[in-house]
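Residues per chain are reported as follows:
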Amino acid sequence: MRVIVAIQQVLDPAGVLVRRDIERVFVNREEYIFAPGDLNALEVALQLKDSVAAEIIAVAAGSARTEDALREALALGCDAAYLLSDEACIKADVAAHARSYAAAIDKIGGADLVIAGPRVGHAIDGQIGPRLAVLLDAAQVTDVYSATVIDGVVRAARAWDGRYVTVEAPLPAVLVVAEGCNIPRLPTGAACMNAYREQQVTAWNLEDLGLSAQDCMPVVKQEGGDRFGRPFEKEVISGDAAEAAKSLLGSLRYQKVLHR
Amino acid sequence: MDFSYLDLIPEDEAGAAEDETMGGAGNIWVLGEVKDGDLRPDVLPLVCKARDMADTLSVAVFGVLIGSGIRNAAGELFHYGADRVLLADDPALAEYQPETYTRVLADLISAQQPGIVLALASELGSELVPRLAQKLDTGVVPYCTDLTMDSVSRRLVGTYPVGDAGDILYAAVCEARPQLVTVRPRALSQGFPSPREEAIEEVAVDLDDTQGRITWLGQATVEVPEAWLPEAAVVVAGGRGMEDAEGFALVRQLADVLGGEVAGTRAALEAGWITEERLIGVAGLTVRPYLYIACGISGADHHLYGIQDARFIVAIDSNPDAPLMKHAHIAVVGDARAVVSALIQELSQ
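Here the structure is a predicted model, which is why all the values come from computation and not from measurement.

S.K.: Would you take a moment to explain helix H2 (residues 67-76) of chain A for this structure?
M.R.: Along an α-helix, residues three or four positions apart point the same way, because every turn accommodates 3.6 residues. All names here are of chain A. For H2, the tally of buried residues reaches seven of 10 residues, placing the bulk of the element in the interior. Along H2, the residues that are buried comprise Ala69, Leu70, Arg71, Ala73, Leu74, Ala75 and Leu76. Where H2 ends, the next residue or the one after it, glycine 77, has phi of about 125 degrees, a positive value.

S.K.: Would you take a moment to explain the pattern of salt bridges for this structure?
M.R.: Opposite charge on two side chains makes pairing possible when the charged atoms of those side chains draw close. If you walk through the whole model with that rule in mind, you get 28 salt bridges over all chains. A salt bridge links arginine 51 of chain B to aspartate 83 of chain B; its shortest N-O distance comes to 2.9 Å. Taken together, the residues arginine 51 of chain B in helix H2 (residues 43-57) and aspartate 83 of chain B in the loop between helix H3 (74-79) and strand S5 (84-89) connect sequence positions 32 residues apart. Residue classification places aspartate 83 of chain B among the partly exposed residues on the basis of a relative accessible area of 24%. With its nearest N and O atoms 3.7 Å apart, the salt bridge here joins aspartate 321 of chain B to lysine 326 of chain B. Neither aspartate 321 of chain B nor lysine 326 of chain B differs from the other in exposure class; each is exposed. Salt bridges sharing partners connect three or more residues here, namely Lys221 and Glu223 of chain A together with Arg155 and Glu175 of chain B.

S.K.: I keep staring at the environment of alanine 199 of chain B and nothing clicks. Help me out?
M.R.: Residues and elements named next belong to chain B. Topologically, alanine 199 is positioned in the loop between strand S11 (179-183) and strand S12 (200-202). Given a relative accessible area of 30%, alanine 199 falls into the partly exposed group. With 135 residues separating them in the primary sequence, alanine 199 and valine 64 have C-alpha atoms 12 Å apart.

S.K.: Quick question: what am I supposed to make of empty space enclosed by the protein here?
M.R.: In this approach, a probe sized like a water molecule rolls over the atoms, and the result shows the empty space that is left. Tallying each qualifying case throughout the model produces two cavities of 30 Å³ or more. Lining the largest cavity are 10 residues, with Ala6, Gln8, Asp38, Arg119 and Ile128 of chain A positioned closest to its centre. Those elements giving two or more residues to the lining of the largest cavity turn out to be strand S1 (2-7) and strand S9 (119-120) of chain A. For the lining of the largest cavity, the per-class residue count stands at six nonpolar, two polar and two charged. The calculated volume of the second largest cavity comes to roughly 40 Å³. Ala95, Arg99, Arg131 and Val219 of chain A together with Ala133, Gln134, Asp137 and Thr138 of chain B are the residues that line the second largest cavity. Among the secondary structure elements, those contributing two or more residues to the lining of the second largest cavity are helix H3 (94-108) of chain A together with helix H5 (125-136) of chain B. A breakdown of the residues in the lining of the second largest cavity according to their chemical character gives three nonpolar, two polar and three charged.

S.K.: What is the right way to look at the interface of chain A and chain B in this model?
M.R.: Accessible area lost on assembly of the parts is the figure often given for the size of an interface. On the chain B side, the residues contacting the 75 residues of chain A number 82 residues. Summed over both partners, the interface of chain A with chain B buries about 6,700 Å², with 59% contributed by carbon and sulfur atoms. Where chain A meets chain B, there are five salt bridges. Between the two partners, chain A and chain B, sit 18 residue pairs in polar contact (both at pLDDT 80 or more). Looking at which element gives the most residues to the side of chain A that touches chain B, the answer is helix H7 (residues 241-254) of chain A, with 10 residues. For the side of chain A that touches chain B, the residue count by class is 35 nonpolar, 16 polar and 24 charged.

S.K.: When you look at the nonpolar core in this model, what are you seeing that I'm missing?
M.R.: As a rule of thumb, soluble globular proteins bury nonpolar side chains together. Residues and elements named next belong to chain A. Counting residues in hydrophobic clusters, the biggest one holds 77 residues, and the most contacted among them are Ile7, Leu42, Leu113 and Ile115. For this core, the element with the most residues is helix H1 (residues 36-51), which contributes seven residues. Each residue touching isoleucine 7, except ones within four places of it in the same chain, is listed here: Phe34, Asp38, Ala58, Val59, Ala60, Ala61, Ala69, Leu70, Ala73 and Tyr101.

Rules of the game
Residues numbered from 1 in each chain as written. Chains lettered and ligands numbered in written order. Predicted model: local features only at pLDDT ≥ 70, side-chain atom pairs only at ≥ 80, totals over all residues. Heavy atoms only, no water. Buried < 20%, exposed > 50% of the residue type's maximum accessible area, 1.4 Å probe, protein only. Helix = DSSP H or I, 4+ residues; strand = E, 2+ residues; numbered from the N terminus. Salt bridge = Lys/Arg side-chain N within 4 Å of Asp/Glu carboxyl O. 1 Å grid on protein atoms, 1.4 Å probe; cavity = no way out; pocket = protein on both sides within 12 Å on 5 of 7 lines; lining within 4 Å. Points joined across faces, edges and corners; volume = space filled by probe spheres on them. Nonpolar A, V, L, I, M, F, W, Y, C, P; charged D, E, K, R; others polar. Contact = heavy atoms within 4.5 Å. Buried area = accessible area lost by both parts, 1.4 Å probe. Polar contact = N/O pair within 3.5 Å; in protein donor to acceptor, adjacent residues only side chain to side chain. Core = buried A, V, L, I, M, F, W, Y, C linked by side-chain atoms within 4.5 Å.

Functional significance is not addressed by these values, which are geometric in nature.
Following this line, the structure appears as structure tokens:
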């Protein structure tokens, strides 16, 4: 069984300071890390490999630095790693990413199971999985907490209506995991060194994937720069309980935290 | 009155401009979600918002309902301003299947060409809408917390949070038509009713050879905590300041009224008011709600660790010098029990 995990890198939030009051973002340390949700996706794949015979392949779209994430995936136990990187794709949106992931999966020779994380970059988005399911004509299960494969059928525990529900889907299937659904394992030191010394990351550009720069034109465009919510100002309320409750609710409504 | 100036407006030009910007009919659709025959209440703010935008653009608001035995849910959509409801009511759609639902919606959208489709970023919306986008070759502005309509260019600008704590906002526009937008539940405020006459249009459901592939294994649920605490949008926590189990019941009640989850400190755990999976702090869970209300919690460091990602913190305690009162965005000084019961009373009115 071949399992492909779609991964990405994100800016480490620990190195970023957001000041709402002066509406600026300070990047104190620009370091990119394995997207946390994608680590959960990889962990689901690795747990499958622990129980059934499976080949795990990590595929990442992004700039050249994304190779680090792929090396980390190799150290964690992936069998192969592919980097989809092209200068023309820097501004690509999720639709373009989905197209290049799908092209890469085809080129690898198809997959029985594709596992993706819930976010794209820093936005809570979860589009990659459903889009891939359409492109690959595969079954789709999102919000997955755990998954097992038995006889060509994937059985997953997913969230639905605030409850966990078990669903089954035939292979090939696309799973989108829920962020924080498991505790990702850590690589050993030797595996990390091995990932850089012995193992290979295959890099493909648009031409290798049979796509053109036209396929990477974004449809959804950001307007203007970063925006910021209204800065929260410290407020102390005291006095009679009923009065305090009234003014607390008033403040919460003003800050748009409460909507009723 | 002299209306002769109206002749001066070139007719085709006005029509062409409309076509170009809004893709034909260009109405605003709201995708409704039905649970056990009732409309999900989170959908109503979307209808109100759609009504506002439609009035700006002079187009109509359509509600879309998919499922089986869902006719009764349409009434509320009309009450809040939908001009028409498209009803795809078919026994084959009783069970949610990504394939069939996408098929029905994609066919409807291709046939009627709406300009904007709004959906809830719920479990259903956030997996259905990207599928639609892929089928229709358009984009999604995901997980919006605010929507604004640019009435000149007739484009919908969606604002959504990014970053780990969600404190940076991006504003994005979908350049293709229809513009698909998912809105975070509870992000928009509920508007006023704007009743319309009921006009239900039943849509023929033709699934052809499209079949769902998911097997829902009955209603079988796997050891369910009511909701996963770290994901909750509103968390109300209580600590030693609630004094006894009766006091803590108020915390539970407040969480219920706000539609949030209840949690507690180590003191609450030791007193037996909560179980271990509702403990917040170093030894328990880290939560990242939109609103965190701490009732009678002083805020020891190991508790603060668990709430460092909370967007908005309200602390209610009698000691104004407690660490959490210093940390909070709003600190309410007073007897926690009295304030919490006043809050419940105020909110249930």
